[in-house]
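# Chains, contacts and geometry: an overview
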Amino acid sequence: QKKKILVTSSIPGEGKSFVAANLAISNSLTGKKVALIDIDLHKPGLGKLFGKSTQDPGLSDYLTGKKKPEDIIKKANGYDNLYFISSGTLDDSPSELLLNGKINEFVAYLDSRFDMIIMDTAPSVLITDAFILTELCDATIYVVRHNYTPKMLAKRIDENLEVNPLTNPAIIFNGVKKRGFFNNNYGRS
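Attention here is on the structure that accompanies the text. (Residues numbered from 1 in each chain as written. Predicted model: local features only at pLDDT ≥ 70, side-chain atom pairs only at ≥ 80, totals over all residues. Heavy atoms only, no water.)

What follows concerns the overall build of the chain. Secondary structure summary: the chain contains eight helices and seven strands in total. In the chain, which comprises 189 residues, the proportion classed as buried is 46%. Considering only contacts in the chain between residues 6 or more positions apart, those separated by 24 or more positions represent 80%. Entry remark: accessible area of the chain is about 10300 Å², with carbon and sulfur atoms responsible for 50%. (Helix = DSSP H or I, 4+ residues; strand = E, 2+ residues; numbered from the N terminus. Buried < 20%, exposed > 50% of the residue type's maximum accessible area, 1.4 Å probe, protein only. Contact = heavy atoms within 4.5 Å. Areas by Shrake-Rupley, 256 points an atom, 1.4 Å probe, with all protein chains shown as cover.)

Here you go:
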C-alpha cells in the first residue's frame, strides 16, 4: 500500500542512491511496474547507474516546462518493468523548481501509471528538498551508513524529525559488516 517512497539520508555517501536503485530493481523483478526518479537536483548521481547524464532530458526539464512526462520517462535497459527518470539539466535554483507545483502534477501522473514510485532525493541535513517532497510520499526511507554517518547526526534524527517531520519514516542501516560471535561464514557458498 506504500507505493510512493522517498529515499534520503543525512549527508552524501551513505548509500541512498544505492538503496533506491536496489529497491526499484528488486520490486520491478517481482512484476511491479516501477518508476525510479533521481530528484537530487543539486548533485545527481543515480543517472550513472543507468547510463544517463545531466545532459539527458529529465525531471528538471519537465519542471521548467521544457519537456513533457513522456519525454523524460525512459525504460531502464535490462529490466522489463523498471522506468528511470533522470535529474535532467542542472538548474541554478533546484529547490525552487520543486516549489513551482509541477512536481505534484508529475507524481500524480506517475501514480496513475505505475505500481511503485521511488524518489531518490538530496541529503536532508544539507538541503530541504526531502521535507518539500515528503507530503507527496507514502513512506520515507532514511539511510544511515555504519562507520560513516557521524554519530551526532544519527543521534539527532529523532530531534530533526520532530521539527521537520517525514512521512512514515523508516531507517535502513547500510554497510554493516559481519563481526563477533556470528562471524562464522553462515550464508557463504
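Turning our attention to the side chain of Ser10. Checked against the element boundaries, Ser10 lands in the loop between strand S1 (4-9) and helix H1 (16-29). Owing to a relative accessible area of 0%, Ser10 belongs among the buried residues under this scheme. A polar contact is formed between the side chain of Ser10 and the side chain of Tyr142, at a distance of 2.7 Å. If near-sequence neighbours (up to four positions away) are discounted, Ser10 is found in contact with Pro123, Ser124, Val125, Leu126, Tyr142, Val143 and Leu153. (Polar contact = N/O pair within 3.5 Å; in protein donor to acceptor, adjacent residues only side chain to side chain.)

Moving on, we come to the side chain of Ser17. Its location among the elements puts Ser17 in helix H1. Discounting residues that sit within four places of it in the chain, Ser17 has contacts with Leu46 and Asp120.

For the coordinates displayed, the defined rule picks out four salt bridges. Between Asp120 and Lys16 there is a salt bridge, with the nearest N and O atoms lying 2.9 Å from each other. Of this pair, Asp120 sits in strand S5 (residues 116-120) while Lys16 sits in helix H1, and the two are 104 residues apart along the sequence. With respect to class, Asp120 is no different from Lys16; both count as buried. Taken together, the shared-partner salt bridges in this structure form one network comprising Lys3, Lys4 and Asp111. (Salt bridge = Lys/Arg side-chain N within 4 Å of Asp/Glu carboxyl O.)

What holds strands together in a sheet is hydrogen bonding between their backbones, with the strands either parallel or antiparallel. Taken together, seven strands build an open sheet; the order of strands is S3-S4-S2-S5-S1-S6-S7 and the sheet is mixed. Lying at the two open borders of the sheet, with one neighbouring strand each, are strand S3 (74-75) and strand S7 (169-174). Sitting on the sheet, H1 touches S1, strand S2 (34-38), strand S4 (82-85), S5, strand S6 (139-145) and S7, and the angle it makes with S5 is about 165°. Relative to the sheet, helix H5 (residues 102-111) contacts S1, S2, S4 and S5, its axis offset from that of S5 by approximately 145°. (Pairing = 2+ DSSP bridges. Axes fitted to C-alpha atoms, helices over the stretch in contact; angles between N-to-C directions.)

So, on to the nonpolar core. In globular proteins that are soluble, nonpolar side chains generally tend to be buried together. Core analysis: the largest hydrophobic core is formed by 30 residues, its most contacted members being Ile37, Leu59, Ile85, Ile103, Phe106 and Leu110. For this core, the secondary structure elements donating two or more residues are S2, helix H2 (59-63), S4, H5, S5, helix H6 (129-133) and S6. For this core, the element with the most residues is H5, which contributes four residues. The next biggest cluster of nonpolar side chains, apart from the first, holds 18 residues, and it includes Val19, Phe84, Ile141 and Val143. (Core = buried A, V, L, I, M, F, W, Y, C linked by side-chain atoms within 4.5 Å.)

Once that is clear, we can look at the environment of Leu29. Residue placement: Leu29 occurs in helix H1. Sequence separation between Leu29 and Leu82 is 53 residues; the distance between their C-alpha atoms is 8.4 Å.

Another aspect to go through is the environment of Ser112. Tracing the backbone through its elements, the reader meets Ser112 in the loop between H5 and S5. A distance of 2.8 Å separates a polar atom in the side chain of Ser112 from the backbone oxygen of Tyr109.

This brings us to the packing of aromatic side chains. The geometry of an aromatic ring pair is captured by two quantities: the separation of the ring centres and the angle between the planes. Counted according to the given criterion, the structure contains three aromatic pairs. Look at Phe50 and Phe84: their rings are 4.7 Å apart centre to centre, the planes differ by 20°, and that puts the pair in the stacked class. Pair noted here: Phe50 is in the loop between S2 and H2 and Phe84 is in strand S4, with a separation of 34 residues, a long-range link. Phe84 matches Phe50 in its accessibility class, with the two residues each being buried. (Phe/Tyr/Trp six-rings, centres within 6.5 Å; stacked < 30°, edge-to-face > 60°.)

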